[in-house]
Amino acid sequence: MDIWIQQIVQVIISGIITASVYAIMGVGLSLIYGISRVFNFAYGSFFTWGAYLAWLLFSLFSWMNYAIVFLVVIPAMFFLGMATEVIVVRSLRWRPNWQVTTMMVTLGLAFFMDNMAHVTFGPMAKSLPRLFDAPLNPLGFTLSVQDLAILIIGVSIMVTFGIFLSRTRLGLSMQAISQDMTGSEIVGIPIRKVFSYSFGISTALVGMGGILLAPRYFISPLGGWGPFFRVFVVVAFGGLGSIKGTLYAAIILAIFEAFVAWGFGASWVMPFWFAVFLGVLAFRPRGLFGTWG
Amino acid sequence: MLELQNINTFYGEFHAIRDVSFKVGEGELFLIVGPNGHGKSTLLKTLCGLLRPASGHVIFNGREITKLFTDRIVKMGLVYVAEDRHLFPQLTVMQNLKLGAYNLNARGKEKENLDYVFQLFPSLSEFQDRHASTLSGGEARMLTLGRGIMSCATFLAIDEPSFGLAPILRNQVFNRINDINTNGITVLLVEQNVTHVLDFVDRVCLLEDGRIVFDGAKAEALLNDHVKEVFLGG
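Residues numbered from 1 in each chain as written. Chains lettered and ligands numbered in written order. Predicted model: local features only at pLDDT ≥ 70, side-chain atom pairs only at ≥ 80, totals over all residues.

Draft legend 1. Representation of the overall build of chain B in the model. Helix and strand counts for chain B stand at eleven helices and ten strands. Taking 17 Å as the expected radius of gyration for a compact globule of 234 residues, we find that chain B reaches 17 Å, a close match to that expectation. Structurally, chain B occupies a C-alpha span of about 50 × 40 × 30 Å along its principal axes. For chain B, with 234 residues in total, the buried portion stands at 46%. Here the contacts in chain B between residues at least 6 apart in sequence split such that 67% fall between residues at least 24 apart. (Helix = DSSP H or I, 4+ residues; strand = E, 2+ residues; numbered from the N terminus. Rg over C-alpha atoms; globule rule 2.2 N^0.38 Å. Buried ≥ 20, exposed ≤ 12 C-beta atoms within 10 Å, placed from the backbone. Contact = placed C-beta atoms within 7 Å.)

Draft legend 2. Focus on the packing of helix 2 (residues 43-60) of chain A against helix 3 (residues 66-89) of chain A. Residue and element names in this part refer to chain A. Relative orientation of the contacting elements helix 2 and helix 3 amounts to 145°, with a least axis distance of 10 Å. At the point where helix 2 passes helix 3, the crossing takes the right-handed sense. Seen from helix 2, the contacting residues are Phe46, Gly50, Leu53, Ala54 and Leu57; seen from helix 3, they are Val69, Val72, Val73, Ala76 and Met77. (Axes fitted to C-alpha atoms, helices over the stretch in contact; angles between N-to-C directions. Left-handed = near helix turned anticlockwise from the far one by under 90°.)

Draft legend 3. Structural view of the nonpolar core. One finds B:Leu156, B:Ala157, B:Val187 and B:Leu189 to be the most contacted residues of the largest nonpolar core, which totals 150 residues. Discounting chain neighbours no more than four positions away, the residues touching B:Leu156 are B:Val79, B:Val81, B:Gly148, B:Ile180, B:Ile185 and B:Val187. (Core = buried A, V, L, I, M, F, W, Y, C linked by C-beta atoms within 7 Å.)

Draft legend 4. Fine view of helix 7 (residues 137-150) of chain B. All names here are of chain B. The end-to-end C-alpha distance of helix 7 is 20 Å, a good match for the 20 Å that 14 residues give at a rise of 1.5 Å each. Within helix 7, ten of the 14 residues are buried, leaving the element largely enclosed by the surrounding structure. Burial in helix 7 covers these residues: Arg141, Met142, Leu143, Thr144, Leu145, Gly146, Arg147, Gly148, Ile149 and Met150. In the stretch just after helix 7, Cys152 is the one whose phi turns positive, near 65°. (Expected span 1.5 Å × (residues − 1).)

Draft legend 5. Main features of the environment of A:Ala83. Residue and element names in this part refer to chain A. Here Ala83 is to be found in helix 3. Assessed through the 14 C-beta atoms surrounding it within 10 Å, Ala83 is described here as partly exposed. Put simply, Ala83 and Met158 are 75 residues apart on the chain and 24 Å apart in space, counted from C-alpha to C-alpha.

Draft legend 6. Local environment of the interface of chain B and chain A. Contact with chain B, which involves 21 residues of that partner, is made by 17 residues of chain A. For the side of chain B that touches chain A, the secondary-structure elements that each account for two or more residues are helix 2 (70-75) and helix 3 (93-100) of chain B.

Draft legend 7. View of the sheet that holds strand 4 (residues 55-60) of chain B. Residue and element names in this part refer to chain B. Ordered by their spatial adjacency, four strands build an open sheet running 2-1-4-5, and the pairing between neighbours is antiparallel. The sheet terminates laterally at strand 2 (14-24) and strand 5 (63-64), the two strands that pair on one side only. When strand 1 (residues 2-11) meets strand 2, the two strands line up antiparallel, connected through seven bridges. Among the inter-strand pairings, Phe10 is bridged to a residue of strand 2, identified as His15. (Pairing = 2+ DSSP bridges.)

Purely geometric numbers; function is a separate question.
The following block contains the structure:
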């Protein structure tokens, strides 16, 4: 009996750790949609590229550590995201059917980025060193310092992001745009600039996710699609555009995923996500929460 | 202060504004009247940059603003107050007002403008922590006006401020608009309830089918049979 409870707690812990990464990635995906009304199909490819850039730094410099990797890669991802908005999305915006067009174009961008990764880094999967090596054993549970670090980073990003949204002028203007685009123009918010910032922040968040998950899994040219799909389901379940919903959905689904992997084996994980996705579409296409903020 | 030269605006295929020209002088309260669906709102949206005219020029304080985006126009002091409000429902009254002061010119005067807004609309100060979605029609209308003032407006283009309001609130709103105008902000007002604003108005312009059919001082307008017919229903 004891061993059962211990295992179940272990599964929940592992679920919560994954949830913290899904949450920051989900918020990023939700953010671009809520603000700039673009569904970004290249999201998974940015995940991959975030991890590859980190790998590149580690393989070029033997003295490299995670602090420097974050300091270099996260801003780089931010600017990459802004550039994507300016170069790829901006000229299409507000033309007839532009939301479909931008979806197609970002899908094309995803193929381009995946193949660029393939050409640049080769088909062999790469891995990142662990953030920390030591395992912790609080109360008999195994919790690696690595996992703890992921959890702490994930939670602090969410908290920082929450403060940013509710306390800063730019954050407030992002909420404003998601609630009333015309109203935002009327009060003088430069919405085009804010669209670019939202792309930048979103890309930085997914790049963060890529770096955090890479030591657990492997980095490969198409490796971003799996996490992207999961995060998409998380966001759909929580309600596309809702931060609160994304947070709850990430916790619920990541814990479920951990139980599925534990109870039925890892090969049932993707079918589980598909089933959830179909369930959401069939029973509550709006997700748990409707609006953004 | 504001000059429109031969403005033509289309809504899709529909030619909504046809060759409209007029001037609004500094400090004026300029009233635009006309039947529903004859282009009044379209005209306001065109001059504040929400819609692009197909041809013509909008000149504000001597500068051409025809092709500028709304945020730039707001920064110059020309602010649109929409009939359908466009408040941010899930943000508080205070946050809505603060967003009004988004542009750099307004940030420096945020405190001063906020005091003025609360002096004009004391109830907003009372409700500052409530979500905008919980406000009544009259309060929401006051918030849209307050938000416009927060942008450091020198020119307010106000669209149907009485829309959906009970008569007593309507008169309150009109009085506040008059106060705002008396305090030095030029006002371009679109309004249906003409009889109630006529006291304050300096000039009147009648818009029909997207065309200006009358433009003149109030006294002149009252002598014009066609304007009288539209104004007072015959």
